[in-house]
Amino acid sequence: MAWVSLIVAGLLEVCWAIGLKYTNGFTRPLPSVLTIAAIVASMYLLAFATKSLPIGTAYAVWVGVGALGTAIAGIVLFGESAAPARVVFLALLLASIVGLKANA
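Residues numbered from 1 in each chain as written. Predicted model: local features only at pLDDT ≥ 70, side-chain atom pairs only at ≥ 80, totals over all residues. Heavy atoms only, no water.

Under an unreviewed UniProt entry, the chain has the name Guanidinium exporter and belongs to Polyangium jinanense. Per UniProt, the comment on the chain under Sequence similarities (unreviewed entry) is "Belongs to the drug/metabolite transporter (DMT) superfamily. Small multidrug resistance (SMR) (TC 2.A.7.1) family. Gdx/SugE subfamily." In UniProt, the chain has this text filed under Subcellular location (unreviewed entry): "Cell membrane". (UniProt positions renumbered as here; feature names shortened; annotations may be inferred.)

Structural data, given as structure tokens:
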């Protein structure tokens, strides 16, 4: 259950990171409320996961899922660069996340 919570926490990190783009500096009420809710839920699930997972592993996976998901969302939603080198490094990030899970 801790791993499921951790992955969901990472996905919520993607939501709040992308949500920041839509808050316009927290001046737009609905996107701001949704972004803050995603931050709180993400942190709660991360804290829950750290009850049974090592903090270093949990934090690295949480950040990794968030960074990978946010980079992919940036490419898909905002037309950010999908240069071959960037895709290779995102694949390495995914491999690192899987490696941390496999060796936890």
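Asker: Could you clarify how one ought to interpret the packing of helix α1 (residues 2–23) against helix α3 (residues 55–78) in this entry?
Answerer: A pair of packed helices is characterised by two quantities: the angle between their axes and the separation of those axes. Interaxial distance between α1 and α3 falls to 8 Å at its minimum, and their mutual angle equals 40 degrees. On the basis of the axis angle, α1 is oblique to α3. Of the two possible hands of crossing, α1 and α3 adopt the one that is right-handed. A breakdown of the residues in the contact of α1 with α3 according to their chemical character gives 17 nonpolar, six polar and two charged. (Axes fitted to C-alpha atoms, helices over the stretch in contact; angles between N-to-C directions. Helix = DSSP H or I, 4+ residues; strand = E, 2+ residues; numbered from the N terminus. Parallel < 35°, antiparallel > 145°, perpendicular 65-115°, else oblique. Left-handed = near helix turned anticlockwise from the far one by under 90°. Nonpolar A, V, L, I, M, F, W, Y, C, P; charged D, E, K, R; others polar.)

Asker: Sorry, what's going on with α3 here?
Answerer: One turn of an α-helix holds 3.6 residues; hence residues three or four places apart share an orientation. Helix length check: α3 (24 residues) gives 33 Å between terminal C-alpha atoms against 34 Å at 1.5 Å per residue, within 8%. Along α3, the residues that are buried comprise Thr57, Ala58, Val61, Trp62, Gly64, Val65, Gly66, Leu68, Ala71, Ala73 and Gly74. Where the residues of α3 are buried, they touch α1, α2 (29–49) and α4 (84–102). Downstream of α3 by one or two residues, Gly79 has phi in the positive range, about 65 degrees. (Expected span 1.5 Å × (residues − 1). Buried < 20%, exposed > 50% of the residue type's maximum accessible area, 1.4 Å probe, protein only. Contact = heavy atoms within 4.5 Å.)

Asker: So what exactly am I meant to see when it comes to the pattern of salt bridges here?
Answerer: When the charged atoms of two side chains lie near each other, side chains of opposite charge can form a pair. Taken as a whole, this structure holds one salt bridge when the rule is applied. Ionic pairing is found between Glu80 and Arg86, a salt bridge with its closest N-O pair at 3.5 Å. (Salt bridge = Lys/Arg side-chain N within 4 Å of Asp/Glu carboxyl O.)

Asker: Got a minute to help me understand the UniProt feature "transmembrane region" (unreviewed entry) in the chain in this structure?
Answerer: Annotation from UniProt places "transmembrane region" (unreviewed entry) at residues 33–50, 57–77 and 83–100. Annotated as residues 33–50, this span is 94% helix and 0% strand, and its ends, taken at the C-alpha atoms, are 26 Å apart. Taken end to end, residues 83–100 is 94% helix and 0% strand, and its two terminal C-alpha atoms sit 26 Å from one another.

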